[in-house]
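For reference, the chains in residue letters:
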Amino acid sequence: NFIDSLRVYVKGGTGGMGYPNLGGEGGRGGDVWFVARERTTLKSIREKYPQKRFVAGTGANSSVKALKGEKGKDCDVYVPLGISVLDDDGKQIGELNAAGERFLAARGGLGGSLATNFLPCKGQRRTVHLDLKLIADVGLVGFPNAGKSSLLSKISHAKPEIANYAFTTIQPELGKIMYADYKQISVADLPGLIEGAHANKGMGHKFLKHVERTKQLLLVVDISGFQLSMKTQFRTAFETILLLTKELELYKEELVTKPALLAINKMDLPCAKDNLDELMTQLENPQDFLHLLEEEMVPANTLEFREVIPISTYTGEGIEELKACIRKSIDEQAEQVNEEYRKKKLLLLRTSK
């Protein structure tokens, strides 16, 4: 049901005819615009416009009554926030991240005039791809069955599908954490990574592209380790963290520079306390334990976590502490951004004087 990519045809309107005898100019053809709007989905666009064709209106002809013809009607196409517009070669030609932002997808043709021998020009036409990258405050990152869906249901009002098998989540889920002072923080549960996701294995790029638009990362790791199947290698919690970091790094290096929190899940399991003590020792001095992984699987930079919070989505242990840590981290980041903005404005004022 969830669509995060859509291919559409756009065509600007043809210009109107000129009037040779009186030197009249035809109206310009209408333009096709993509306009970002909240509560819009690519699925609703596909359902409303099954042909996926958007054509602007033709410019009015020049006449004795109106020597300058009127411009053709523009065609506004409402799209979700977080849209990248790509041409047929995959090159990004625009993006829309805030409500009300507009992108000119196809320009209308000129109306007939002396310069065109009074003949109208056709509008621009092309096929473009609308590529959605979810915008969220926090993105949940983890291997399948780490408990991301269960965690999202605990900390927000979202009701994701939860089952006891690896790939429960096959599409992104968005939830909102509601705080007592009415502050809201959006959290995206993204389909589980597997080793090789950067090379588009498993959910691959379908998952990783959504991480780009999140402000912060929340890694969710099973304290008992992870094994996708009997054919794949077992990974400890520490190895899992390194592999997740490696996948993010290989896809886009700047992802590992995002602020990050670490939730250690399934603390209700036997031996969880001993495993946690071992993991904390490894996290304090990660360089001493990198030999546990094959050299090509070791990330160039290890993630620095603002907080490490042991939790259990089964018993509820640590959930409130985690919500408080998420709030604190988001607030600190917002303050940092505001401070940088203030310094930039101050510098501009000084240089202008």
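Residues numbered from 1 in each chain as written. Predicted model: local features only at pLDDT ≥ 70, side-chain atom pairs only at ≥ 80, totals over all residues. Heavy atoms only, no water.

Chemist: Hey, could you run me through the pattern of salt bridges in this one?
Modeler: In a structure, side chains of opposite charge can pair up when their charged atoms sit close to one another. Tallying each qualifying case throughout the model produces 23 salt bridges. The partner of Asp131 in a salt bridge is Lys209, and the shortest N-O contact between them spans 2.6 Å. You can see Asp131 sitting in strand β8 (residues 125–132) and its partner Lys209 sitting in helix α3 (residues 204–211), a full 78 residues away along the chain. Taking the relative accessible area as the measure of exposure, Lys209 reaches 10% and is therefore buried. Linking Glu339 and Arg342 is a salt bridge whose minimum nitrogen-to-oxygen distance equals 2.7 Å. Here Glu339 pairs with Arg342, and both are found in helix α6 (residues 319–352), just three residues apart, close to one helical turn. On the basis of relative accessible area, Arg342 is assigned to the partly exposed category, the value being 43%. (Salt bridge = Lys/Arg side-chain N within 4 Å of Asp/Glu carboxyl O. Helix = DSSP H or I, 4+ residues; strand = E, 2+ residues; numbered from the N terminus. Buried < 20%, exposed > 50% of the residue type's maximum accessible area, 1.4 Å probe, protein only.)

Chemist: Got a minute to help me understand helix α5 (residues 272–284) in this structure?
Modeler: Taking 1.5 Å of rise per residue, the 13 residues of α5 would be expected to cover 18 Å, and the 18 Å separating its terminal C-alpha atoms lies within 8% of that figure. Along α5, the positions that sit buried rather than exposed are Ala272, Leu276, Leu279 and Gln282. Looking down the long axis of α5, one finds its buried residues gathered within 125° of arc, a one-sided arrangement. Opposite the buried face of α5, by more than 90 degrees, sit the exposed residues Lys273, Asp274 and Glu284. Where the residues of α5 are buried, they touch α4 (237–251), β13 (260–265) and β14 (305–310). (Expected span 1.5 Å × (residues − 1). Arc of directions from axis to C-beta. Contact = heavy atoms within 4.5 Å.)

Chemist: Honestly, the side chain of Ser113 in this entry has me stumped. Any pointers?
Modeler: Here Ser113 shows up in the loop between β7 (102–106) and β8. Residue classification places Ser113 among the buried positions, given a relative accessible area of 12%. In this structure Ser113 touches Glu25, Phe118 and Leu119, once residues within four positions along its chain are discounted.

Chemist: Sorry, what's going on with the domain arrangement of the protein here?
Modeler: A common way to express how large an interface is: the accessible area buried when the components associate. One can read the domain layout of the protein as domain 1 (5–132) and domain 2 (136–337). Computed over C-alpha atoms only, the centres of domain 1 and domain 2 are separated by 43 Å. (Domains from an automatic or database assignment.)

Chemist: Hey, could you run me through the pairing of strand β4 (residues 75–79) in this one?
Modeler: Consecutive residues of a regular strand have side chains that alternate between opposite faces of the sheet. Of the two faces of β4, the one holding Cys75, Val77 and Val79 is buried and the one holding Asp76 and Tyr78 is not buried anywhere. In terms of strand pairing, strand β2 (residues 32–36) meets β4 through five bridges, oriented parallel. Pairing of Val32 across the sheet is with Cys75, part of β4. (Pairing = 2+ DSSP bridges.)

Chemist: What exactly am I supposed to notice about unusual backbone geometry here?
Modeler: Among all residues save glycine, negative phi is the norm, and among peptide bonds the norm is trans. With a phi angle near 60°, Arg39 is a residue other than glycine that sits in the positive phi range. Within the fold, Arg39 resides in the loop between β2 and α1 (42–48). Non-glycine residue Lys52 carries a positive phi angle of around 55°. By the secondary structure assignment, Lys52 is in the loop between α1 and β3 (53–55). By relative accessible area, Lys52 is classed as partly exposed at 28%.

Chemist: Would you mind going over the sheet that holds strand β1 (residues 5–11) with me for this structure?
Modeler: Pairing between the strands of a sheet comes from backbone hydrogen bonds, and it takes one of two forms, parallel or antiparallel. Read from one edge of the open sheet, five strands run β3-β1-β8-β5-β6, paired in mixed fashion. Edge positions in the sheet fall to β3 and β6 (92–96), since each of these pairs with one other strand and no more. Between one strand axis and the next, the sheet turns by 25° as a mean value, whatever way the strands run. Pairing analysis gives four bridges linking strand β5 (residues 83–86) to β6, with the strands arranged antiparallel. If you follow Val85 over to β6, its bridge partner there is Gly94. (Axes fitted to C-alpha atoms, helices over the stretch in contact; angles between N-to-C directions.)

Chemist: Please explain the packing of helix α2 (residues 148–155) against α6 as it appears in this structure.
Modeler: If you want to describe how two helices pack, look at the angle between their axes and the distance between the axes. Look at α2 against α6: their axes get within 11 Å of each other, and the N-to-C directions meet at 80°. With respect to α6, the element α2 is oriented roughly perpendicular. The residues of α6 that touch α2, namely those facing Leu151, Lys154 and Ile155, are Ile319, Leu322, Lys323 and Ile326. Of the residues in the contact of α2 with α6, the class split is five nonpolar, no polar and two charged. (Parallel < 35°, antiparallel > 145°, perpendicular 65-115°, else oblique. Nonpolar A, V, L, I, M, F, W, Y, C, P; charged D, E, K, R; others polar.)

Chemist: I keep staring at the sheet that holds strand β10 (residues 173–178) and nothing clicks. Help me out?
Modeler: The strand order across the open sheet formed by six strands is β10-β11-β9-β12-β13-β14, and the pairing between neighbours is mixed. Edge positions in the open sheet fall to β10 and β14, since each of these has one partner strand only. Going across the sheet, the axis of each strand differs from the next one's by a mean of 25°, ignoring polarity. Here β10 runs beside strand β11 (residues 184–189); their pairing, made up of six bridges, is antiparallel. Looking across to β11, one finds that Ile177 is bridged to Ile185. Running over the sheet, α6 touches β9 (136–141), β10, β11, β12 (214–222), β13 and β14 and is turned about 170° from β14.

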